[in-house]
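Here is what each chain is made of, one letter per residue.
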Amino acid sequence: EDTSPISVTADVGLYSDYMWRGFNLYSGSSIQPAVTATYTDADYGSLSAGAWMHLSGESNNGPEKYTELDLLLVYDYSFDSVTASFGHTWYTYPGGEPTDTLSSGEFFASLAFDAFLSPTVTVYEDYDAYDTQYYELGVSHSLTSECLGEGFNLTPFYNVGFATNSEKL
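To keep things clear, this report deals only with the structure shown in the data block. Quick caveat: nothing in here was measured; it's all calculated off a predicted structure.

1. As for the pattern of salt bridges
A full pass over the atoms with the stated rule returns one salt bridge. Linking R21 and E106 is a salt bridge whose minimum nitrogen-to-oxygen distance equals 2.8 Å. Of this pair, R21 sits in the loop between β1 (6-20) and β2 (23-41) while E106 sits in strand β6 (residues 104-113), placing them 85 residues apart in sequence. On the basis of relative accessibility, which here comes to 2%, the residue E106 falls in the buried class.

Here it is in structure tokens:
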């Protein structure tokens, strides 16, 4: 097993629409690649930096139609059966800001519990363009099966969220 304190993950999601916090930000197929680098120290937790993107999957809607690049910085610390996370996301639009959506910055804090259904609670605070707060509660359970193959799992989840001061959204 690799014992390096540094890890890198990458993934790509394919979606029929780009939904974000209950809003359909982009109607049409969405390609969402992400890459994250993490440094983990057994005594001090982990620090991650990452980038996430939305790209149009529609052949007639090139990147200039709606491209989003989000940069993230996250600190995680686990104690007992709880993981606390604190971070920042910077939302940018390299192809130009779409109508009614502005580049903005957001802080967040989260608690995840290593318990039945893995409950989480997260609070987001947009401090820049929107000055909104978003609250999210979630549960999930990871299922593994030999038929999925080694290293693969299926994780059903349910999240509920609500916003305050969201008149600008």
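2. Quick word on the side chain of H54
As for its placement among the helices and strands, H54 is situated in strand β3 (residues 45-56). We classify H54 as buried; its relative accessible area is 0%. Of note is the side chain of H54, whose polar atom sits 2.6 Å from the side chain of S30. If sequence neighbours within four positions are ignored, H54 has contacts with Y18, Y26, S30, I31, Q32, Y66, T67 and E68.

3. Focus: the packing of aromatic side chains
For the structure on display, the rule yields seven aromatic pairs. Relative to Y124, the ring of F108 lies with its centre 5.9 Å away and its plane at 45 degrees, an arrangement referred to as tilted. Linking F108 in strand β6 with Y124 in strand β7 (residues 120-126), this pair joins segments that are 16 residues apart in sequence. By the burial criterion, F108 is buried, and Y124 matches it. Three or more aromatic residues joined by ring pairs form one cluster here, namely F108, Y124 and Y134. Over the ring of Y124 we find R21, and its NZ or CZ is 4.1 Å from the ring centre.

4. Details of the environment of T38
Relative to the helices and strands, T38 resides in strand β2. Sequence separation of T38 and S48 is ten residues, and the distance between their C-alpha atoms is 4.2 Å. Not counting residues up to four positions away in its chain, the partners in contact with T38 are P5, I6, S7, S46, L47 and S48. Within the local environment of T38, its side chain forms a polar contact with the side chain of S48, the two groups lying 2.8 Å apart.

5. Details of a nonpolar patch on the surface
A contiguous nonpolar patch, built from L111, F113, F116, L117, V121, L137, V139, Y158 and V160 and spanning about 800 Å² of accessible area, is present on the exposed surface. Mapped onto the nonpolar patch, the elements with two or more residues apiece are β6, β8 (133-140) and β11 (157-164).

Cut-off values and rules
Residues numbered from 1 in each chain as written. Predicted model: local features only at pLDDT ≥ 70, side-chain atom pairs only at ≥ 80, totals over all residues. Heavy atoms only, no water. Salt bridge = Lys/Arg side-chain N within 4 Å of Asp/Glu carboxyl O. Helix = DSSP H or I, 4+ residues; strand = E, 2+ residues; numbered from the N terminus. Buried < 20%, exposed > 50% of the residue type's maximum accessible area, 1.4 Å probe, protein only. Polar contact = N/O pair within 3.5 Å; in protein donor to acceptor, adjacent residues only side chain to side chain. Contact = heavy atoms within 4.5 Å. Phe/Tyr/Trp six-rings, centres within 6.5 Å; stacked < 30°, edge-to-face > 60°. Lys NZ or Arg CZ within 6 Å of the ring centre and 35° of its normal. Patch = residues over 30% accessible without salt bridge, like charges linked within 9 Å, V, L, I, M, F, W, Y side chains within 5 Å. Areas by Shrake-Rupley, 256 points an atom, 1.4 Å probe, with all protein chains shown as cover.

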